[in-house]
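Structural description and commentary
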Amino acid sequence: MYEDNILKALWCIHILLICTLRGFIHQLWSSYNNMFFLTRNRWIKQQGVDFKQIDDEWDWDNFIILQAMLASMASLIFPSLNTLPLWNLKGFIASLLLHVTISEPLYYWAHRFFHKPYLFNHYHSLHHSSPVPHPFTAGHATPLEHLVLCTVIGIPLTGSILMGYGSTAMIYGHVLVFDFFRCLGHSNAEVVPHEVFNKLPLLRYFIYTPTYHSLHHTEMETNFCLFMPLFDALGSTLNTKSLELHKKITSNSGKHGRVPDFVFLAHVVDIMSAMHTPFALRSFASTPFCMRMFLLPFWPLTFIIMLVMWGWSKTFLFSFYNLRCRLHQTWVVPRFGFQYFLPFATKGINKHIEEAILRADRLGVKVISLAALNKNEALNGGGTLFVNKHPELKVRVVHGNTLTAAVILNEFSKDVKEVFLTGATSKLGRATALYLCRKRVRVLMLTSSTERFQKILKEAPVDCQNYLVQVTKHQAAQNCKTWIVGKWITPWEQSWAPSGTHFHQFVVPPILPIRRDCTYGDLAAMRLPPDVEGLGSCEYTMERGVVHACHAGGVVHQLEGWSHHEVGAIDVDRIDLVWEAALKHGLKPVSSVNN
């Protein structure tokens, strides 16, 4: 642009715009595939995309960069490309004919050739290493394969231009439609109704389906075509099960799929973390949530979506994984954290939670565990409201706080003699205080309610009651280096902690780590067993494979087959029992110290 006028540099803008649109098409298909609440009954493969596959496919868009460089070279070598007309109908017809007569058969035979032992082992096996088809899998291949694909996509474009029928619209249209069908074939959710082929039988030879291409990934000596099964039929490589499997999957789209054994009922934390979802950005969701600058432009859109969800929405399936042949799902109540503190919103939130529990009960779910705000004591008594209202429930309702308490308590070193506890009269605060006083640990319980303190004090063994001390100010802990934060504290309140203090916490959201001379614990969490399958998203700020302790508590409840509800007050006598059960099933505590 600096060396010449803007008109001669338009090819730069076109290439950039085409690349952007190509990425956008792949992203839209990825979002659709990860909207499990829409696609769960049309899945072709039932397992989820795990972290390994996400990492392997991280650079799926390399082929877009490669083709952009080749297009740039072509534009520089052949300046006449900059003078193409905007529209020419003949160009569309020519590119379509060249695609059908040259590109399709060329790709078919090249693809078969890539399945020969040498080329497959050294090149094409990378593409087939993805266990679950996904739109990003379309770009997961070696440079040699991408160069072959450049030839396949370039022949119709080059031919049309050489015939004098080229146009800017033809280039855009051909490339974007090509990517659209590539993503369609690598979708793990079937989108083509089988009724279409019943009404137009010949169409089955001119357009492939996700089911059709997925069979190639499982039975690799069949279904080699690019987009048109006609060439598989001509080459005797058409999988005879294609049509039958396609009909079976689309016919079951209106039915309930596999019933989960366990459900974790979560909620949205805030507007920024709402973008930490697999159907927004899969790669971002596969890492622990943190604030990123690229999220800011999407804040207004997310805010509007929040308002829409507030007015019209229902609990939806968010993610899933398998653990020892048991299906575990996460459902999300369509409410954001701040809404739980609006008095006029509590009734509606409880209605959503109740409907989710009743739905789980109808489906045959064994255990449903409530996330932090969904079990708020002031909201529903830690789940007691629903259990008392529906005594016939077969699904076990679990708040998971017993394991949360166990995780926090097992973080302490054995030489701790005194702790400072905020949120002392909460459910977790009460259990923590009673457990520690039995261990002869002095607990400074921050509370202004003498009545609540006395009630907890009476629950402690007589010979341990002197270990519970009521305090009303943070200054009382200025010599205590172990703080347990169950109620949010300000930076000023943190300033009363002595240097070297460690802040354990079970407060949502976590406190701000402002003290450089102190250490801060994460929210109570546990790492799932290593044999977990299909897990591909992180739970809020947790590391990969790590879930909140209340989530893990529900998992343990389900694995143990316990028949009781875990709602209301925490049974202090069960804290060690639940902890041992978690360790027995392979769940592991997570180091909680962040310097």
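Residues numbered from 1 in each chain as written. Predicted model: local features only at pLDDT ≥ 70, side-chain atom pairs only at ≥ 80, totals over all residues. Heavy atoms only, no water.

1. Focus: the overall build of the protein
Going by this rule: Comment: elements are numbered from the N terminus, with helices defined as DSSP H or I runs of at least four residues and strands as E runs of at least two. Only heavy atoms enter the contact rule, under which two residues are in contact if any of them lie within 4.5 Å. Each accessible area is a Shrake-Rupley result for a 1.4 Å probe, and residues are judged covered by the shown protein chains and nothing else. The sign given to each residue is positive for Lys and Arg and negative for Asp and Glu; His and the chain ends receive no count. The atoms used to mark charge sites are NZ of Lys, CZ of Arg, CG of Asp and CD of Glu.
The secondary structure content of the protein amounts to 23 helices and 16 strands. Along the first, second and third principal axes, the C-alpha atoms of the protein reach 95 × 60 × 50 Å. Sequence separation of at least 24 residues holds for 70% of the intrachain contacts in the protein that already meet a minimum separation of 6. Here the protein displays about 28200 Å² of accessible surface, and carbon together with sulfur accounts for 63% of that area. For the protein, the centre of its 53 positive side-chain charges and the centre of its 43 negative side-chain charges are spaced 5 Å apart.

2. Some points on the nonpolar core
Spelled out, the test is: Only buried Ala, Val, Leu, Ile, Met, Phe, Trp, Tyr and Cys residues count toward a nonpolar core, and they belong to the same one when joined by side-chain atoms within 4.5 Å. Think of it in three bands: with a 1.4 Å probe and only protein chains considered, a residue is buried below 20% of the maximum accessible area for its type, exposed above 50%, and partly exposed in between.
With 68 residues, the main nonpolar core has L403, L468 and I575 as its most contacted residues. Among the elements that line this core, the one with the most residues is helix α19 (residues 427-438), at seven residues. Apart from the residues lying within four places of it in its own chain, the contact partners of I575 are T402, A405, A406, L409, A431, Y435 and I570. Core analysis: the next-biggest nonpolar cluster, separate from the first, contains 27 residues, L317, I349, L379 and V567 among them.

3. Here's the deal with helix α15 (residues 346-363)
Each α-helix winds once per 3.6 residues, and so residues spaced three or four apart point in a common direction. As a reminder, the rule being used: The span one expects for a helix is its residue count, reduced by one, times 1.5 Å.
Taking 1.5 Å as the rise per residue, α15 with 18 residues should run 26 Å; its terminal C-alpha atoms sit 26 Å apart, in good agreement. Restricting attention to buried positions, one finds in α15 the residues I349, N350, H352, I353, E354, A356, I357 and A360. Those residues of α15 that are buried are in contact with β1 (262-268), β3 (326-336), β4 (367-370), α16 (377-380), α17 (384-389) and β5 (396-398). Note on α15: the residue one or two positions beyond its end, G364, has a positive phi of about 100°.

4. Here's the deal with the sheet that holds β1
Short version of the rule: Pairing between strands requires that DSSP locate at least two bridges from one strand to the other.
The mixed open sheet is built from six strands, whose spatial order is β5-β4-β1-β3-β2-β13. The two strands at the open ends of the sheet, each matched to only one other strand, are β5 and β13 (532-533). The sheet contact formed by strand β2 (residues 316-323) and β13 spans two bridges and is antiparallel. Following the sheet pairing, L323 is matched in β13 by V532.

5. Describing the packing of helix α5 (residues 89-114) against helix α8 (residues 168-185)
Spelled out, the test is: In this analysis, axes come from line fits to C-alpha atoms, helices being fitted only over the stretch in contact, and the angle between any two N-to-C directions falls in the range 0 to 180 degrees. For this classification, under 35 degrees means roughly parallel, over 145 means roughly antiparallel, 65 to 115 means roughly perpendicular, and everything else is oblique. Crossings are assigned a handedness: left-handed for a near helix turned anticlockwise from the far helix by less than a right angle, right-handed for a clockwise turn. Each residue is assigned to one class: nonpolar for Ala, Val, Leu, Ile, Met, Phe, Trp, Tyr, Cys and Pro, charged for Asp, Glu, Lys and Arg, and polar for all the others, Gly among them.
Between α5 and α8, the shortest axis-to-axis distance is 11 Å and the interhelical angle comes to 40°. Here α8 runs oblique to α5, going by the angle between their axes. Of the two elements, α5 crosses α8, and the hand of that crossing is right-handed. Facing G91, F92, S95, H99 and Y107 of α5, the residues of α8 in contact are A169, M170, H174, F178 and R182. For the contact of α5 with α8, the per-class residue count stands at five nonpolar, four polar and one charged.

6. What about the pattern of salt bridges?
Cut-off, in case you're wondering: Salt bridges are defined by distance alone: a side-chain nitrogen of Lys or Arg within 4 Å of a carboxyl oxygen of Asp or Glu.
Taken as a whole, this structure holds 16 salt bridges when the rule is applied. Its salt-bridge partner being D56, residue K52 comes within 2.9 Å of it at the nearest N-O pair. With K52 and D56 both in helix α3 (residues 51-56) and four residues apart, this pair spans about one turn of that helix. What makes D56 partly exposed here is its relative accessible area of 34%.

7. Focus on the UniProt feature "domain: Fatty acid hydroxylase" (unreviewed entry) in the protein
This is how it is decided: UniProt positions are given in the numbering used here, feature names are shortened, and annotations may be inferred rather than shown by experiment.
In the UniProt entry, the feature "domain: Fatty acid hydroxylase" (unreviewed entry) is given for residues 97-237. This span, residues 97-237, is 62% helix and 0% strand, and a straight line between its end C-alpha atoms measures 23 Å.

8. Description of the UniProt feature "transmembrane region" (unreviewed entry) in the protein
UniProt annotation of "transmembrane region" (unreviewed entry) refers to residues 6-25, 62-81, 87-110, 147-172 and 293-312 when read in the numbering used here. Along residues 62-81, the helical share is 80% and the strand share 0%, with 24 Å between the first and last C-alpha atoms. For residues 147-172, the end-to-end C-alpha separation is 19 Å, with 81% helix and 0% strand making up the annotated structure.

9. Observations regarding the pairing of β2
Extensive coverage of β2 is indicated by the burial of eight of its eight residues. With seven bridges connecting them, β2 and β3 associate as antiparallel partners. Bridge pairing in β3 places N322 opposite L327. The hairpin formed by β2 and β3 contains two residues between the paired strands, and R324 there has a positive phi angle of roughly 55°.

10. Overview of the pairing of strand β10 (residues 502-505)
Where burial is concerned, the two faces of β10 agree: the one with H502 and H504 and the one with F503 and Q505 are both buried. The pairing of strand β9 (residues 482-485) with β10 spans four bridges and is parallel. Bridging across to β10, V485 finds its partner in Q505.

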